[in-house]
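A closer look at the structure
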Amino acid sequence: MIGMLKKAAEILVLSKRTIALTGAGISVESGIPDFRSAGGLWEKFDPAEYATIDAFRANPEKVWEMLREMEAIVLQARPNKAHIGLGELEKMKCLHYIITQNVDNLHQEGGAKNVIEYHGNSATLSCLTCGRHYNASEKREEYLPTCRCGTILKPDVIFFGEAIPAKAMNRSFQLASAAEALLVIGTSAAVSPANTIPGVAKQNGARIIEINKEETHLTSSITDIFLQGSAGDIVPRLVEEVRGVREQA
Ligand code: APR
């Protein structure tokens, strides 16, 4: 692993355009369960009943049961060493953008500035009837947050069946097309179109460095360096290696 960490660090130091694609796995060590590992969220809540836009329209009360349970966990969560390490790489100009599938805001709280929220975020709510917007914080006391027009509000996270925000989609495609290096951290790469980003980067010549507890379908197909283990352990070690390579340069 040491040799591979050093190789990955050398790639990051040489790359002029490095991006990261992160998934729920990067926040597991902050206490937020991921979706598809054993004990993950989709074991408890069937995504077909809780995570599609049709399910929300049909039964918002039921979907808010899951949303409030997730919210209680996210409100307790703090950035872990992986989030903080990516913030440090950004400060060292060895990471230029993070494209995250997560809606927990932990990259921003961990110091990263250039974060694209591919699946929206949970900080604001919208009314599907009249289009009004609210801050989630001002509606926290209402178990079922309701709009002035009487409609139950929806968080601005992207449900299955909803389009990715156009700005996030276009910017991510642009960045992936120009990247020289891509860090893929804590994602099963199971969900489209987020999972097309690594392929776009690879096609355009980027080196792919994957950090995950276990192999994914990317590992044997497009990953150049696979650093197996938990993000909270590997990312800080990678940051230290980058510091070392920069000092030798
Ligand atoms: N360190 C590194 N990787 C981890 C860790 C950890 N501590 N814990 C779990 N993982 C890995 C798992 O092995 C898995 O490959 O993170 C990945 C998490 O995969 P998913 O649970 O599928 O989460 P994600 O890839 O983010 O899902 C994508 O699916 O349900 C939708 O919208 C939801 O954004 C989500 C999307």
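Thresholds, definitions, all that
- Residues numbered from 1 in each chain as written.
- Predicted model: local features only at pLDDT ≥ 70, side-chain atom pairs only at ≥ 80, totals over all residues.
- Heavy atoms only, no water.
- Phe/Tyr/Trp six-rings, centres within 6.5 Å; stacked < 30°, edge-to-face > 60°.
- Buried < 20%, exposed > 50% of the residue type's maximum accessible area, 1.4 Å probe, protein only.
- Lys NZ or Arg CZ within 6 Å of the ring centre and 35° of its normal.
- Domains from an automatic or database assignment.
- Buried area = accessible area lost by both parts, 1.4 Å probe.
- Salt bridge = Lys/Arg side-chain N within 4 Å of Asp/Glu carboxyl O.
- Polar contact = N/O pair within 3.5 Å; in protein donor to acceptor, adjacent residues only side chain to side chain.
- Nonpolar A, V, L, I, M, F, W, Y, C, P; charged D, E, K, R; others polar.
- Pairing = 2+ DSSP bridges.
- Helix = DSSP H or I, 4+ residues; strand = E, 2+ residues; numbered from the N terminus.
- Axes fitted to C-alpha atoms, helices over the stretch in contact; angles between N-to-C directions.

Let us now look at the packing of aromatic side chains. Summed over all chains, the structure comprises three aromatic pairs. Centroid distance Phe35 to Trp42: 4.9 Å. Interplanar angle 40°. Geometry classified as tilted. By relative accessible area, which is 27% here, Phe35 ends up partly exposed. Between Phe45 and Tyr50, the ring centres sit 4.9 Å apart and the planes meet at 70°, which makes this aromatic pair edge-to-face. Here the two residues Phe45 and Tyr50 agree in accessibility, since each one is buried. A cation over an aromatic ring shows up here: Lys62 above the ring of Tyr50, its NZ or CZ 5.1 Å from the ring centre.

Partitioning the protein chain into structural domains gives domain 1 (1–32 + 79–119 + 163–249) and domain 2 (34–76 + 122–157). The centre of domain 1, based on its C-alpha atoms, is set 27 Å off from the matching centre of domain 2. Summed over both partners, the interface of domain 1 with domain 2 buries about 770 Å², with 64% contributed by carbon and sulfur atoms. Counting the surface domain 1 buries against domain 2, the share from its top three residues, Ala24, Ile32 and Val103, is 46%. Along the contact surface separating domain 1 from domain 2 lie zero salt bridges. The interface formed by domain 1 and domain 2 includes one residue pair in polar contact (both at pLDDT 80 or more). Residues of the side of domain 1 that touches domain 2, tallied by class, amount to six nonpolar, four polar and one charged.

So, on to the sheet that holds strand β4 (residues 120–126). The sheet built from three strands is open, its strands ordered β5-β4-β6 with antiparallel pairing. A strand with exactly one partner marks an edge of an open sheet, and here the two such strands are β5 (133–135) and β6 (154–157). Across the sheet, the mean angle from the axis of one strand to that of its neighbour is 45°, orientation sign disregarded. Where β4 lies against β5, three bridges are found, and the strand directions are antiparallel.

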